[in-house]
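# Report on the structure
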Amino acid sequence: MRIAVVGGTGYVGLTTAVCLASKGHHVFCVGRNENKIAKLRKGVPIIYEEGLKEMLCNVLSQDRLVPTTNIYEAVQGSDTSFICVGTPSQKDGSIDLTQIREASKEIGMALSKKKRYHVVTVRSTVIPGTTEDVVLPQLESFSGKKAGRDFGLCMNPEFLREGNAIEDLLHPKGLGIVIGELNRRSGDVLFEIYKGFDAEILRTKIRTAEMIKYARNCYLAKDVSFANEMANLCQKLNVDYELVKKGMKMDHRIGKTGFLNAGVGFGGSCFPKDVKAIIAKAKQLGFQPEMLEVTIETNEKQPLKAVQLLKQVLGELKGKKIAVLGLSFKPGTDDMREAPSIKIIKSLLSQGSEVYAYDPKALDNAAEILKEERIRFVESVEAALKNADACIIVTEWPEFANPKIYHFMKGRVIIDGRRVLNPNKLPKGFTYHGIGFPEMVKT
Ligand code: NAD
């Protein structure tokens, strides 16, 4: 099949485009930024995702991926276009549909000259109703054609996890595939693309597909906030949350949920923005989504728990040098959107600390967001630790689980925001505290 991926310079668009090309499809990877498209043509992946570079070079060498800024040619030359553009939050938390409107307009204009049947597929996360109430009218008005008759329309939510994106896209068995379709003919085109995948396929109305994506993200975000609340309570009760979690997971009804790790809260481009967007929509409909509001409130406070633990151990933070280990919102990605590290670093700075920040992949993105003289972005974990009075582990990159790296430290205080270390394995002389850990440990 021939596919145009619109938003091909983003996390979802690029990984989707490369994976579909690796499956034998001919894919136009459509972006707006000339520099990024030029880099992609040379095999430079522009975002970090394990295995992406090799796959990109491979599909380019086989002429199956065409990075381009020409959306007109891409739509003309393809059977379906996938809209993978961003749907960020507005100031009030509601969804910003600017990129969706523009992409729909551009695809509509290209469709006006197209003779063959074409299916437009929304893959971006959009509030229920958006595909039919925003995308469809844009497509009709700029193409002069009728949806359902002259062109098809689908909503196919994306469930990939950054850091596992390629595996999730190529082997979506544990995630499933949802095809929201305007009519059977539209959905059949997507069904053809996915029929070779080992995954359950659910065909629904468009609005249902849109809601499935929000319901999933709200459910998972709620689990994280629940875990953090339990961990905070465990700390007050002098109980180790890790053991409580283990005990909870022995119950088969709970074990499957899997999102019970306590830490400094969820971040990224999905959970915070999607939960806020559906809250805003619910309120607009006169519905008070209380559980979702608490999910966000709990999460917003959680990064600062790590700073509170640090103060408990270290006292005054003014003038102290603190190493922040891990900046991206999760391991396996360079994505800094809504990363808990941002709040933690801002809080440390506001209390007069000097920050040594290290991340294996996200240093450049972090430096763009956190423009502050008192932050030293350093290129190795050793450089971060050797200057520091204390460190906070914010993102659970595997290298931080190695107790040997803490030998580099000037001071000997470790705050474990992700529970990656076992304090019993640390050498003598350290003070360790972690989220949901019963009490400070001196080794
Ligand atoms: P992103 O901001 O990384 O990517 C969006 C890209 O679209 C940008 O590169 C932008 O330049 C490009 N773009 C915007 N308008 C365009 C146009 N008219 N033509 C061509 N390119 C255009 O966002 P993302 O993280 O990839 O997310 C995209 C969508 O997928 C969002 O709705 C998001 O909620 C959803 N989603 C994201 C993830 C994730 O893990 N990132 C997972 C599932 C779903």
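Up top is the structure.
For the structure given in this document, a descriptive report is provided here.

## Notes on the sheet that holds strand E2 (residues 26-30)
As summarised here, the arrangement of the eight strands in space is E3-E2-E1-E4-E5-E6-E7-E8, forming an open sheet in which the pairing is mixed. The open sheet is flanked by strand E3 (65-68) and strand E8 (201-204), the only strands paired with a single partner. Averaged over all neighbouring strand pairs, the angle between strand axes comes to 20°, with direction disregarded. Direction of pairing for E2 relative to E3: parallel, over a ladder of four bridges. Residue pairing in the sheet places Phe28 in a bridge with Val66 of E3. Those strands touched by helix H1 (residues 11-22) are strand E1 (2-6), E2, E3 and strand E4 (80-83), and its axis lies near 165° from that of E2.

## Description of the sheet that holds strand E13 (residues 413-416)
Taken together, seven strands build an open sheet; the order of strands is E11-E10-E9-E12-E13-E14-E15 and the sheet is mixed. Every interior strand has two partners, whereas the edge strands, strand E11 (375-377) and strand E15 (441-442), have only one. Alignment of E13 against strand E14 (residues 431-434), held across four bridges, turns out to be parallel. Directly across from Val413, in E14, lies its bridge partner Thr431.

## Concerning the packing of aromatic side chains
Applying the stated rule across the entire model yields five aromatic pairs. Their ring planes at 65° and their centres at 5.6 Å tell us that Tyr194 and Phe197 sit as a pair that is edge-to-face. Across this residue pair, the class does not change: Tyr194 and Phe197 are buried. Measuring from ring centre to ring centre gives 6.1 Å for Tyr358 and Phe400, while their planes differ by 75°; the resulting arrangement is edge-to-face.

## Structural notes on the nonpolar core
Among the nonpolar cores identified, the biggest contains 44 residues, and Ile83, Ile107, Val120 and Leu139 are the most heavily contacted of them. Broken down by element, the residue count for this core peaks at six residues, all from helix H9 (residues 206-237). Taken domain by domain, this core gets at least three of its residues from each of domain 1 (2-204) and domain 2 (238-443). When near neighbours in sequence (up to four residues on either side) are disregarded, Val120 contacts Ser81, Ile83, Ile107, Leu111, Leu139, Phe151, Gly152, Leu153 and Cys154. Leu327, Ile344, Ile345 and Leu363 belong to the second largest nonpolar core, which has 39 residues in total.

## Some remarks on H1
For H1, with 12 residues, the first-to-last C-alpha span of 17 Å sits near the 16 Å given by 1.5 Å per residue. Burial in H1 covers these residues: Tyr11, Gly13, Leu14, Thr15, Thr16, Ala17, Val18, Cys19, Leu20 and Ala21.

## Focus: the site of the ligand
Contacts to the ligand come from 26 residues, most closely from Thr9, Thr87, Glu162, Lys273 and Arg337. A distance of 3.2 Å is found between a nitrogen atom of the ligand and a side-chain nitrogen or oxygen belonging to Glu106. Protein chains bury 89% of the 830 Å² of accessible surface belonging to the ligand in isolation. Going through the elements one at a time, H1 and helix H5 (98-112) are the ones with two or more residues in the shell around the ligand. Counting residues per element, the shell around the ligand draws most heavily on H5, which supplies three residues. For the shell around the ligand, the per-class residue count stands at nine nonpolar, 10 polar and seven charged.

## Examining the environment of Arg116
By the element assignment, Arg116 lies in the loop between H5 and strand E5 (119-122). The spacing of Arg116 and Arg412 is 296 residues in sequence and 67 Å in space, taken between C-alpha atoms. Excluding its chain neighbours within four sequence positions, the residues that come into contact with Arg116 are Gln76, Gly77, Ser78 and Asp79. Of the polar contacts made by the side chain of Arg116, one reaches the side chain of Asp79; its length is 3.2 Å.

## Some thoughts on the pattern of salt bridges
Following the criterion strictly, the structure yields 25 salt bridges and no others. With a closest N to O distance of 3.6 Å, Arg376 and Glu354 form a salt bridge. Of this pair, Arg376 sits in strand E11 while Glu354 sits in strand E10 (residues 354-358), and the two are 22 residues apart along the sequence. Look at Arg376 and you get partly exposed, because its relative accessible area is 41%. Here Glu354 falls in the partly exposed class, since its relative accessible area comes to 23%. When salt bridges that share partners are traced, they join Glu181, Arg184, Asp188 and Arg203 into one network.

## A closer look at empty space enclosed by the protein
With the rule as written, the count across this model stands at two cavities of 30 Å³ or more. Taken as a whole, the largest cavity encloses approximately 200 Å³ of empty space. Forming the boundary of the largest cavity are 20 residues, of which Arg123, Glu158, Leu169, Pro172 and Tyr194 lie nearest the centre. Residue assignment for the lining of the largest cavity shows that the elements contributing at least two residues are H1, helix H7 (165-170) and strand E7 (177-181). In terms of residue class, the lining of the largest cavity is made up of 13 nonpolar, three polar and four charged. There is about 30 Å³ of room inside the second largest cavity. What lines the second largest cavity is simply Leu111, Lys114, Arg116, His118, Lys145, Asp150 and Phe151. Considered class by class, the residues forming the lining of the second largest cavity number two nonpolar, one polar and four charged.

## Topic: a nonpolar patch on the surface
A cluster of nonpolar side chains, contributed by Leu233, Leu237 and Val239, occupies part of the molecular surface with about 250 Å² of accessible area. Looking at the element boundaries, Leu233 is found in helix H9.

Calculation criteria
- Residues numbered from 1 in each chain as written.
- Predicted model: local features only at pLDDT ≥ 70, side-chain atom pairs only at ≥ 80, totals over all residues.
- Heavy atoms only, no water.
- Pairing = 2+ DSSP bridges.
- Helix = DSSP H or I, 4+ residues; strand = E, 2+ residues; numbered from the N terminus.
- Axes fitted to C-alpha atoms, helices over the stretch in contact; angles between N-to-C directions.
- Contact = heavy atoms within 4.5 Å.
- Phe/Tyr/Trp six-rings, centres within 6.5 Å; stacked < 30°, edge-to-face > 60°.
- Buried < 20%, exposed > 50% of the residue type's maximum accessible area, 1.4 Å probe, protein only.
- Core = buried A, V, L, I, M, F, W, Y, C linked by side-chain atoms within 4.5 Å.
- Domains from an automatic or database assignment.
- Expected span 1.5 Å × (residues − 1).
- Near = heavy atom within 4 Å.
- Polar contact = N/O pair within 3.5 Å; in protein donor to acceptor, adjacent residues only side chain to side chain.
- Areas by Shrake-Rupley, 256 points an atom, 1.4 Å probe, with all protein chains shown as cover.
- Nonpolar A, V, L, I, M, F, W, Y, C, P; charged D, E, K, R; others polar.
- Salt bridge = Lys/Arg side-chain N within 4 Å of Asp/Glu carboxyl O.
- 1 Å grid on protein atoms, 1.4 Å probe; cavity = no way out; pocket = protein on both sides within 12 Å on 5 of 7 lines; lining within 4 Å.
- Points joined across faces, edges and corners; volume = space filled by probe spheres on them.
- Patch = residues over 30% accessible without salt bridge, like charges linked within 9 Å, V, L, I, M, F, W, Y side chains within 5 Å.

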